[in-house]
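# A structural walkthrough
Read off the chains here:
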Amino acid sequence: QVQLVESGGGLVQTGGSLRLSCAGSGRTFSNYAMGWFRQAPGKEREFVAAISWSGVTTYYADSVQGRFTISRDNAKNTVYLQMNSLKAEDTALYYCAVSTNYPRNDIYRPRLPRDLEYWGRGTQVTVSS
């Protein structure tokens, strides 16, 4: 059974940091792009960041560029999201996901939820002002 399990969420003050982790099991994801999305109450799920299979290519939403860093450890089947300088508007449920399209491709850049096939259940991030 394929699973993605997010962890590391919590309550933090404005300007603080958190590091999210997403561990995969049931299948190796080392050949595929992985990403982070978030969804705030009453809003649609939105793209945050993604990383290619090798880690060479990373890309971010404008709203988090320069504050968030995505990385991965393929030996651990895990992707991370380091979040710094957090703002109240970063409050949301954060999901990790995997796209099995175009394996071992450093150019492919999935940004839409429909581009990714496997999803975790999310971890809550709350930033208090």
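Residues numbered from 1 in each chain as written. Predicted model: local features only at pLDDT ≥ 70, side-chain atom pairs only at ≥ 80, totals over all residues. Heavy atoms only, no water.

## A short note on the overall build of the protein chain
The helix and strand tally for the protein chain stands at 0 helices and 11 strands. N-terminal to C-terminal, the α/β element order of the protein chain is β-β-β-β-β-β-β-β-β-β-β. Here the C-alpha atoms of the protein chain give a radius of gyration of 14 Å, agreeing with the 14 Å that 2.2 N^0.38 yields for 129 residues. In terms of overall dimensions, the protein chain has a C-alpha envelope of 40 × 30 × 30 Å along the principal axes. Across the 129 residues in the protein chain, those meeting the buried criterion constitute 45%. Considering only contacts in the protein chain between residues 6 or more positions apart, those separated by 24 or more positions represent 61%. (Helix = DSSP H or I, 4+ residues; strand = E, 2+ residues; numbered from the N terminus. Rg over C-alpha atoms; globule rule 2.2 N^0.38 Å. Buried < 20%, exposed > 50% of the residue type's maximum accessible area, 1.4 Å probe, protein only. Contact = heavy atoms within 4.5 Å.)

## A look at the sheet that holds strand 3 (residues 18–25)
Spatial ordering of the open sheet is given by 1-3-8-7, a layout of 4 strands whose pairing is antiparallel. The open sheet has two free edges, formed respectively by strand 1 (3–7) and strand 7 (68–73), since each of these has just one partner strand. With direction set aside, neighbouring strand axes in the sheet form an average angle of 15 degrees. Pairing of strand 7 with strand 8 (residues 78–83), which is carried by 6 bridges, proceeds in the antiparallel orientation. The residue of strand 8 that forms the bridge with Thr69 is Gln82. (Pairing = 2+ DSSP bridges. Axes fitted to C-alpha atoms, helices over the stretch in contact; angles between N-to-C directions.)

## What to know about unusual backbone geometry
Here Ser85, not a glycine, exhibits a phi torsion of approximately 50 degrees, which is positive. By the secondary structure assignment, Ser85 is in the loop between strand 8 and strand 9 (92–99). Even without glycine at this site, Tyr102 takes up a positive phi of about 50 degrees. Relative accessible area serves as the criterion here: at 53%, Tyr102 is assigned to the exposed category.

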